[in-house]
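# Observations on the three-dimensional arrangement
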Amino acid sequence: MDTISIKNKKFTVERVIAEHEDHTTYLASWSGRTYFIRTYAMDYEKALADYKALKHAGINMAKMCFHDDVNHVVVYDYFPEEDCLTALSHGPLPERYFDALFALYRFARFAKVALDWEPQNFMLRGNQMFYLPTKYYPMTEENRFERTGLSTWFLGKEGRAL
């Protein structure tokens, strides 16, 4: 079994969650707790800056627990809940998902940040919506939620395509 060492802590990798061009996300454990670990091939400093900017904007995200600037690794709290796309695959989303999503969108609009609005990038935890990536863009008329992502949150043509 693979391990990732960060700040004298050895995390046991359980499995790969996602692989992207700039980073890989793992599910790992240390000291009886489960974490998400992202190892960055590029844009590590941008990921840290984006995380800080989104937190400042009031966007709910997994808490950053540890980071290793030398090896470009970040450890986040683990959320056992399924992402919203998986929840959508079981049938139409309950109203509480949209209440939480629009509450999060209010913060994004106020801070003028556009997120990647597709449902696989969000997770409902309790009554709050959490954004899973750390990437964002300056909000414009073209990348607002109602123009670029809202249609994928329903079991219509766009949602089924995802």
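Structure: above.
Attention in this report is confined to the structure presented alongside it. For clarity, every value in this text was computed on a predicted model and none was experimentally measured.

## Some points on the pairing of strand β6 (residues 73-77)
In terms of burial, β6 is a largely internal element, five of the five residues being buried. The pairing of strand β5 (residues 64-68) with β6 spans four bridges and is classified as antiparallel. Within the sheet, the bridge partner assigned to His67 lies in β6 and is Val74. Where β5 hands over to β6, the hairpin turn is made up of four residues, of which His72 adopts a positive phi near 60°.

## Some points on the pattern of salt bridges
Side chains that differ in charge, positive against negative, can pair when their charged atoms come close. On inspection of all chains with the given rule, the structure shows six salt bridges. With its nearest N and O atoms 2.8 Å apart, the salt bridge here joins Lys46 to Asp50. With Lys46 and Asp50 both in helix α1 (residues 44-57) and four residues apart, this pair spans about one turn of that helix. Asp50 sits in the buried class, given a relative accessible area of 7%. With a shortest N-O distance of 3.9 Å, Glu141 and Arg147 are connected by a salt bridge. Classification of Glu141 as partly exposed rests on a relative accessible area of 45%.

About the thresholds
Residues numbered from 1 in each chain as written. Predicted model: local features only at pLDDT ≥ 70, side-chain atom pairs only at ≥ 80, totals over all residues. Heavy atoms only, no water. Buried < 20%, exposed > 50% of the residue type's maximum accessible area, 1.4 Å probe, protein only. Helix = DSSP H or I, 4+ residues; strand = E, 2+ residues; numbered from the N terminus. Pairing = 2+ DSSP bridges. Salt bridge = Lys/Arg side-chain N within 4 Å of Asp/Glu carboxyl O.

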